[in-house]
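So you can see what is in the structure, the chains are spelled out below.
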Amino acid sequence: MSSAIPLNVGIARSAGFGSADADGGKRVLLAEPRGYCAGVDRAVETVEKALEKHGAPIYVRKEIVHNRHVVETLREQGVIFVDETDQVPEGALVVFSAHGVSPAVHESAAARNLRTIDATCPLVTKVHQEAKRFARDDYDILLIGHEGHEEVEGTAGEAPEHVQLVDGPDAVDQVTVRDESKVIWLSQTTLSVDETMETVQRLRQRFPGLQDPPSDDICYATQNRQVAVKAMAPECDLVIVVGSRNSSNSVRLVEVALNAGAKAAHLVDYAREVDPAWLTGVRTVGITSGASVPEILVRGVLDMLAEHGFGEVQPVTTANETLVFALPRELRTSRR
């Protein structure tokens, strides 16, 4: 999945390059890992392969991943994004996004005789399976996540009578359970690790018998990107996170950067959104990107920064990611 490497955090200076403050130089610290995770890569490739195999148009329920550039690029290639399956012509092909869907959505698609390809991230599917398992055992399931997020809606839809949404630490006081000996927490996969654990601690204060999920729900990529940002943030006058505002994991990276010591942090979709005023008096800029961001967008920001004198780029590597997910079975190449 991912393997940690010795954490001198990769901020070793290039030959002849000391600290930015010591010689007045400007530098960029570039977080690694960043950008596409295995689930996003699989989801985007799923839509691309579906277009190759079936031709345009194909339909996608919701955004395949939360990134403006990806969605706009696919739309130009003939993808039609819809909010619900009843907007898809009967018998047409629809792809479900990486964030997952509830059983009710599958039922609605079947009722309209839609052909479906499910691009749900396997790590989200794991959380769905956990929800079903603990609902069968009649647990109260406290789902830590953000109200209205597609992933939360899909997971909660697996067992709506058993799931309560807990939207951060401040929501803990509103939680009620039937039996304090049968309570478990699960989480949205793209949350801040620190905020999630703060919520868990507060839940445990109220419900000492609260059980943990069988395995970590926050995905490896979300955690890895947050660790890399924490490593570089204390040295940064500014952190730029490339990602869309509806991307939960991208928004969390801004929060993590500020909490870890960055003097300022901003979220941008494109290099053109970087305000040159942000660079006034800045010597060290940290760059990272959310898990649904293609690398071309990061390169655009690096090029823009180079034009402003930030040509020295130093990697901050805290993990190596090697995980790859197979495509949905409908798109796998058959072996003879």
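Below, the discussion takes up helix H2 (residues 38-54). Between its first and last C-alpha, H2 extends 24 Å over 17 residues, near the 24 Å set by a 1.5 Å rise per residue. The set of residues buried in H2 consists of Ala38, Gly39, Val40, Arg42, Ala43, Val44, Thr46, Val47, Ala50 and Leu51. With its phi angle positive at about 80 degrees, Gly55 sits one or two positions after the end of H2.

This next bit is on the sheet that holds strand S13 (residues 312-317). The parallel open sheet is built from 5 strands, whose spatial order is S11-S10-S12-S2-S13. A single partner strand is all that each edge strand has here, and the edge strands are strand S11 (265-268) and S13. Pairwise comparison of adjacent strand axes, ignoring direction, gives a mean angle of 25 degrees for this sheet. Bridge count between strand S10 (residues 238-242) and strand S12 (residues 284-289): 5 bridges; the pairing is parallel.

To continue, consider the nonpolar core. Core analysis: the largest hydrophobic core is formed by 31 residues, its most contacted members being Val47, Ile58, Ile64, Val65, Val79 and Val95. Within the residue set of this core, elements represented by two or more residues are H2, strand S3 (58-61), helix H3 (68-76), strand S4 (79-82), strand S5 (93-96), helix H5 (122-136) and helix H8 (220-232). Element by element, the count of residues in this core is highest for H2, at 7 residues. Residues in contact with Val95, not counting those within four places in the same chain, are Thr46, Val47, Ile58, Tyr59, Val60, Arg61, Ile64, Ile117 and Ala119. Counting residues in each nonpolar core, the second largest holds 21 residues, with Ala271, Val274, Leu297 and Leu305 among its members.

Attention now moves to the packing of aromatic side chains. One pass over the structure, following the stated rule, counts 1 aromatic pair. Seen in terms of ring centroids, Phe134 and Tyr139 are 5.3 Å apart; in terms of plane orientation they differ by 80 degrees. Their pairing is edge-to-face. The exposure classification of Phe134 matches that of Tyr139, with both residues buried. Across from the ring centre of Tyr270, 4.2 Å away, lies the NZ or CZ of Arg272, which sits over that ring.

Below, the discussion takes up the confidence of the model for the chain. Residues at a pLDDT of 70 or more form 92% of the chain, whose mean pLDDT is 93. Every residue in residues 1-18 is under pLDDT 50, and counting partners more than four places away or in other chains gives 46 contacts.

This part covers the pattern of salt bridges. In a structure, side chains of opposite charge can pair up when their charged atoms sit close to one another. For the coordinates displayed, the defined rule picks out 20 salt bridges. Arg34 is the partner of Glu295 in a salt bridge, and the nearest nitrogen-oxygen pair spans 2.7 Å. With Glu295 in helix H10 (residues 295-307) and Arg34 in the loop between strand S2 (27-32) and H2, the pair connects residues that are 261 residues apart, well separated along the chain. Notably, a salt bridge pairs Asp140 with Arg178, separated by 3.1 Å at the nearest N-O pair. Here the residue Asp140 occupies a position in strand S7 (residues 140-144), and Arg178 occupies one in the loop between strand S8 (163-166) and strand S9 (183-187), the gap between them amounting to 38 residues. One continuous salt-bridge network, built from bridges that share partners, spans Arg68, Glu72, Arg245, Asp269 and Glu273.

Among the structural elements, Val101 can be located in the loop between S5 and helix H4 (103-111). Considered as a pair, Val101 and Glu32 are 69 residues apart in the sequence and their alpha carbons are 30 Å apart. Excluding residues that lie within four positions of it along the chain, Val101 makes contacts with Arg61, Phe96, His106, Thr120, His128, Gly154 and Glu158.

On to the pairing of S11, then. Looking down a regular strand, the side chains alternate between one sheet face and the other. Of the strand pairs in this sheet, S10 and S11 are connected by 4 bridges, and their pairing is parallel. Residue pairing in the sheet places Val242 in a bridge with Val268 of S11. For the segment spanning S10, helix H9 (residues 248-259) and S11, crossover handedness is right-handed.

What follows concerns the environment of Gly309. Position of Gly309 relative to the elements: it lies in the loop between H10 and S13. The exposure class assigned to Gly309 is partly exposed, which follows from its relative accessible area of 44%. Placed 283 residues apart in sequence, Gly309 and Lys26 show a C-alpha to C-alpha distance of 6.6 Å.

With that out of the way, let us pick up the layout of surface pockets. Leftover empty space is mapped by rolling, across the atoms, a probe with the size of a water molecule. Estimates place the volume of the largest pocket at around 210 Å³. In this structure, the largest pocket is lined by 13 residues; those nearest its centre are His106, Asp118, Thr120, Thr125 and His128. Elements with a minimum of two residues in the lining of the largest pocket: H4 and H5. With 4 residues, the single largest contributor to the lining of the largest pocket is H5. Taken together, the residues of the lining of the largest pocket break down into 4 nonpolar, 6 polar and 3 charged. Taken as a whole, the second largest pocket holds about 150 Å³ of empty space. Around the second largest pocket sit Arg42, Phe96, His106, Thr116, Ile117, Asp118, Pro328, Arg329, Glu330 and Arg332, which together line it.

Calculation criteria
All residue numbers here refer to positions counted from 1 along the written sequence of the relevant chain. Only residues with pLDDT of at least 70 are given local features in this predicted model, and only at 80 or more are side-chain atom pairs given and counted; all residues enter the totals for whole chains, interfaces and linings. Side-chain measures were taken over the full set of non-hydrogen atoms in the model, leaving aside hydrogen atoms and water. Secondary structure counts use DSSP, requiring at least four H or I residues in a row for a helix and at least two E residues in a row for a strand, with both numbered from the N terminus. To estimate the expected span of a helix, count its residues, drop one, and scale the result by 1.5 Å. When accessible area is computed with a 1.4 Å probe and restricted to protein chains, residues below 20% of their type maximum are described as buried, those above 50% as exposed, and intermediate ones as partly exposed. When DSSP locates at least two bridges between a pair of strands, those strands are taken to pair. Helix axes are fitted only over the stretch in contact, all axes being lines through C-alpha atoms; the angle between N-to-C directions runs from 0 to 180 degrees. Buried residues of nine kinds, namely Ala, Val, Leu, Ile, Met, Phe, Trp, Tyr and Cys, make up a nonpolar core once their side-chain atoms join them within 4.5 Å. For this analysis, residues touch if any pair of their heavy atoms sits within 4.5 Å. Between rings of Phe, Tyr and Trp, where Trp is taken as its six-membered ring, a pair exists when centres lie within 6.5 Å; planes separated by under 30 degrees are stacked, by over 60 edge-to-face, and by other angles tilted. Throughout this description, the term charge over a ring refers to an Arg CZ or Lys NZ atom that lies within 6 Å of the ring centre and within 35 degrees of the ring normal. Confidence of the prediction at every residue is given by pLDDT, a number between 0 and 100. A carboxyl oxygen of Asp or Glu within 4 Å of a side-chain nitrogen of Lys or Arg is what we treat as a salt bridge. For crossovers, right-handed means that the path from the first strand over the helix to the second runs clockwise, given strands pointing away from the viewer. Definitions used throughout: a 1 Å grid over protein atoms alone; a cavity as a set of points that fits a 1.4 Å probe which cannot get out; a pocket as an open set with protein on both sides within 12 Å along at least five of seven lines; a lining residue as one with an atom within 4 Å of a point. Grid points are joined across faces, edges and corners, and a volume is the space filled by probe spheres set on the points. Each residue receives one of three labels: charged for Asp, Glu, Lys and Arg, nonpolar for Ala, Val, Leu, Ile, Met, Phe, Trp, Tyr, Cys and Pro, and polar for the others, Gly being one of them.

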